[in-house]
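Coordinates in review
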Amino acid sequence: MNTVDLLRSLGVNPSTLDPAPSSPWRNAGAERLRGRHPCVRCGGPAQAAGLVDVPGYGRRWLDRCMPCLIATTPRGDGPRAPLADTLAVLRETAREAGVDLTIVTGEA
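About the thresholds
- Residues numbered from 1 in each chain as written.
- Predicted model: local features only at pLDDT ≥ 70, side-chain atom pairs only at ≥ 80, totals over all residues.
- Heavy atoms only, no water.
- Helix = DSSP H or I, 4+ residues; strand = E, 2+ residues; numbered from the N terminus.
- Buried < 20%, exposed > 50% of the residue type's maximum accessible area, 1.4 Å probe, protein only.
- Contact = heavy atoms within 4.5 Å.
- Areas by Shrake-Rupley, 256 points an atom, 1.4 Å probe, with all protein chains shown as cover.
- Pairing = 2+ DSSP bridges.
- pLDDT = per-residue confidence, 0-100.
- Lys, Arg positive; Asp, Glu negative; His and termini not counted.
- Salt bridge = Lys/Arg side-chain N within 4 Å of Asp/Glu carboxyl O.
- Polar contact = N/O pair within 3.5 Å; in protein donor to acceptor, adjacent residues only side chain to side chain.

With respect to the overall build of the protein
Broken down by element type, the protein carries four helices and two strands. Counting from the amino terminus, the protein carries its helices and strands in the arrangement α-α-β-β-α-α. Looking at the protein as a whole, 24% of its 108 residues are labelled buried. Once local pairs closer than 6 in sequence are excluded, the contacts in the protein between residues at least 24 apart make up 51%. Taken as a whole, the protein presents about 7,600 Å² of accessible surface, with 54% of it coming from carbon and sulfur.

What follows is the structure in structure tokens.
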């Protein structure tokens, strides 16, 4: 997920994010968390201070609470098994469990 997509998923306008330093940001991030900033998604207390580089806006702070951080952290970007392999596992699991299963895919 790129920065623009992440901010869109959070419902955040990049102009509302505080400007962030170019470096060293790790010390500044720890200091920022002591400042009790709100989560950009839900408004609760932020527990993670990250940086995003937004086209047209530069580096900005992205403060999130843990539930919002987890909910908006991309996963599964690694290599994926071929669809046929995944379907075979599903069919075998359903067979072992004694479950009738119909799988519908977009493939012909």
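Moving on, there is more to tell.
What to know about the pairing of strand E2 (residues 58-64)
In regular strands, side chains alternate between the two faces of the sheet. Within E2, five of the seven residues are buried, leaving the element largely enclosed by the surrounding structure. The sheet contact formed by strand E1 (residues 48-54) and E2 spans seven bridges and is antiparallel. Note on E2: the bridge partner recorded for Ala49 is Asp63. Once E1 ends, the chain turns through three residues before running back antiparallel as E2, passing Gly56 with a positive phi of about 85°.

Brief notes about the confidence of the model for the protein
Residues of the protein with pLDDT of at least 70 account for 88%, and the chain-wide mean is 85. Confidence, expressed as mean pLDDT per element, reaches its minimum in the protein at helix H2 (residues 25-34) with 80 and its maximum at E2 with 93.

Points about the side chain of Arg60
Mapped onto the fold, Arg60 is located in strand E2. In this structure, Arg60 is buried with no salt-bridge partner, the nearest side chain bearing the opposite charge being Asp18 at 6.5 Å. A polar side-chain atom of Arg60 sits 2.6 Å from the main-chain carbonyl oxygen of Leu17. In terms of polar contacts, Arg60 uses its side chain to reach the backbone carbonyl oxygen of Tyr57, at 3.2 Å. Here Arg60 is in contact with Pro14, Ser15, Leu17, Asp18, Pro19, Ala20, Gly50, Leu51, Val52 and Val54, once residues within four sequence places are set aside.

A few points about the pattern of salt bridges
When their charged atoms lie close together, side chains carrying opposite charge are able to pair. Evaluated as defined, the whole model comprises five salt bridges. The salt bridge involving Asp18 is made with Arg32; its shortest N-O contact spans 2.7 Å. Of this pair, Asp18 sits in the loop between helix H1 (3-10) and H2 while Arg32 sits in helix H2, and the two are 14 residues apart along the sequence. Of the residues examined, Asp18 reaches a relative accessible area of 33% and is grouped as partly exposed. Under the relative-accessibility criterion, Arg32 is labelled buried at 12%.

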